Amino acid sequence: DTEVTQTPKHLVMGMTNKKSLKCEQHMGHRAMYWYKQKAKKPPELMFVYSYEKLSINESVPSRFSPECPNSSLLNLHLHALQPEDSALYLCASSLPRDTLSTEAFFGQGTRLTVV
Amino acid sequence: KQEVTQIPAALSVPEGENLVLNCSFTDSAIYNLQWFRQDPGKGLTSLLLIQSSQREQTSGRLNASLDKSSGRSTLYIAASQPGDSATYLCAVSSSGGSNYKLTFGKGTLLTVNP
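Rules used throughout
- Residues numbered from 1 in each chain as written.
- Chains lettered and ligands numbered in written order.
- Predicted model: local features only at pLDDT ≥ 70, side-chain atom pairs only at ≥ 80, totals over all residues.
- Heavy atoms only, no water.
- Salt bridge = Lys/Arg side-chain N within 4 Å of Asp/Glu carboxyl O.
- Helix = DSSP H or I, 4+ residues; strand = E, 2+ residues; numbered from the N terminus.
- Buried < 20%, exposed > 50% of the residue type's maximum accessible area, 1.4 Å probe, protein only.
- Phe/Tyr/Trp six-rings, centres within 6.5 Å; stacked < 30°, edge-to-face > 60°.

Explain the pattern of salt bridges to me, please; I cannot follow it from the model alone.
Residue and element names in this part refer to chain A. Counted under the stated rule, the structure contains six salt bridges over all chains. The partner of Lys 36 in a salt bridge is Asp 85, with the nearest N and O atoms 3.9 Å apart. Within this pair, whereas Lys 36 is found in strand S4 (residues 31–37), its partner Asp 85 is found in the loop between strand S8 (73–79) and strand S9 (87–94), the two being separated by 49 residues in sequence. Each member of the pair, Lys 36 together with Asp 85, is buried. Residue Asp 85 is joined to Arg 63 by a salt bridge in which the shortest nitrogen-to-oxygen separation is 2.8 Å. In this pair, Asp 85 sits in the loop between S8 and S9 while Arg 63 sits in the loop between strand S6 (53–57) and strand S7 (64–70), placing the two residues 22 residues apart along the sequence. Residues participating in the shared-partner salt-bridge network are Lys 36, Arg 63 and Asp 85.

What follows is the structure in structure tokens.
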């Protein structure tokens, strides 16, 4: 099973709403990532969790709050977003770097629209 | 700062043609290089992973090569099919500081015409 599952697939939220994106994998991967992708652009890294600890935060605004409650789950909590935050949000996972393979597997993404 | 460039930005070929997609990166201190496929509005599908110590990897009609010293990788697609139409992304994992960071190129939009 090389599947990363993201929910929901689509989300429309107002600028005053609070919502969460969820990501789940059961491959035993201990590195999990959030990427943001705007139309016709490559994915941009937002956060990296390694062994359930935040290891990289690419200077993401605080209206995005990641959480890794256990080794299989990754959440992204959203609050007071702006219309320019509308994008495809991708979750990925991989084995940690000190293993033979760090192949990254991506989910299908959540299409977020902020109105 | 690692930068990844993909050439061409778009490519249109007739069905059955063999083709090559190019990827270059500025910092040769990479851990691995990965090729992905992305269909419109969808997530990324991993095609091939090449570790920094490897020269090439093959999967079916796909063959990827890596020349770390020159900062280049190519993805060769044999006997292209309309179902191969997608955006192909190259990503490198840097081996310094940010161990887990993938840096992506802007992609090549491939159209295979029946």
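What is the right way to read the packing of aromatic side chains from this model?
Two measures describe an aromatic ring pair: the distance that separates the ring centres and the angle between the ring planes. One pass over the full model with this rule turns up seven aromatic pairs over all chains. Arranged with centres 5.7 Å apart and planes meeting at 90°, the rings of A:Tyr35 and B:Phe104 form a pair that is edge-to-face. On the criterion of chain membership, the pair formed by A:Tyr35 in strand S4 and B:Phe104 in strand S10 (residues 102–104) is interchain, its members lying in two chains. Per residue, the accessibility class of A:Tyr35 equals that of B:Phe104, and both read buried. Note on B:Phe36 and B:Phe104: the rings are 5.7 Å apart at their centroids and 40° apart in plane angle, and the pair reads as tilted. Taken together, the residues B:Phe36 in strand S4 (residues 30–38) and B:Phe104 in strand S10 connect sequence positions 68 residues apart. For the pair B:Phe36 and B:Phe104, a shared accessibility class is recorded, and that class is buried. One aromatic cluster in this structure is built from A:Tyr33, A:Tyr35, A:Phe106, B:Phe36 and B:Phe104.

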